[in-house]
Amino acid sequence: MSARIEVVEPDDWERWRAVRLRALTEDAAAFACSAHAWLEGGDTEQRWRERIAAPGRLYLAAEKDHDVAMIGLAPGDEPELISMWVAPEARRGGVGRALVETVVAEAGGRPLRLRVMADNAAAIAFYEGCGFALTGAPPDAEGTLTMRRDVPRSTSAWPAPAARPHPGGGPPPAGSADQ
């Protein structure tokens, strides 16, 4: 992976805004209604700066000085991985996994949770590959499922899909998509 991961500061608001708007435009179905609703009420510099300065941490990943991915960590008793998105041209190159590892490290060994659209099988498979598991709760009012990572571990320690043990009768599982 050649991406550079950076903490987003309020002065980076234009960069964060550009990636966030691209994500909501290109992969609208991957985000809950509440993500889209956040944009309502004014697309102003002040609002973006306030969002970035709010408790938690946001990150951007850049390749060759071009922002290609984002992720966030919302604070709480059980921190939440939020706003995960990787641009199509950067998927399957390790950027998504590196972003998740960054948030896991930032959470400091505490369990993490996230919400994922129930029909986004690629994202669910990706998060499972990063150590998250579906909680078994039904989809919420926005159509999202909750996933949780109870036992922090390095996602890079898990062998490549072809090296993982798998049930007999078929080829090894394919790699998951960086969503």
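Right, let's walk through the structure included here.

Conventions we followed
Residues numbered from 1 in each chain as written. Predicted model: local features only at pLDDT ≥ 70, side-chain atom pairs only at ≥ 80, totals over all residues. Heavy atoms only, no water. Helix = DSSP H or I, 4+ residues; strand = E, 2+ residues; numbered from the N terminus. Buried < 20%, exposed > 50% of the residue type's maximum accessible area, 1.4 Å probe, protein only. Areas by Shrake-Rupley, 256 points an atom, 1.4 Å probe, with all protein chains shown as cover. Phe/Tyr/Trp six-rings, centres within 6.5 Å; stacked < 30°, edge-to-face > 60°.

### Considerations on the overall build of the chain
At step 1: Within the chain, the regular secondary structure consists of 5 helices and 7 strands.
At step 2: Looking at the chain as a whole, 37% of its 179 residues qualify as buried.
At step 3: For the chain, the exposed area adds up to about 9100 Å²; of that, 54% sits on carbon and sulfur atoms.

### Comments concerning unusual backbone geometry
At step 1: A positive phi angle, near 50 degrees, is found at Lys64, a position not held by glycine.
At step 2: In this fold, Lys64 is placed in the loop between β2 (57-63) and β3 (66-74).
At step 3: Residues other than glycine seldom take positive phi values, yet Arg92 does so here, at roughly 65 degrees.
At step 4: Looking at the element boundaries, Arg92 is found in the loop between β4 (80-86) and α4 (95-106).
At step 5: With relative accessibility at 57%, the residue Arg92 sits in the exposed group.

### Focus: the packing of aromatic side chains
At step 1: Following the criterion strictly, the structure yields 2 aromatic pairs and no others.
At step 2: Each ring, one from Tyr127 and one from Phe132, has its centre 6.0 Å from the other, and the planes form 70 degrees; the classification is edge-to-face.
At step 3: Overall, Tyr127 belongs to the buried group, its relative accessible area being 6%.
At step 4: Classification of Phe132 as buried rests on a relative accessible area of 3%.

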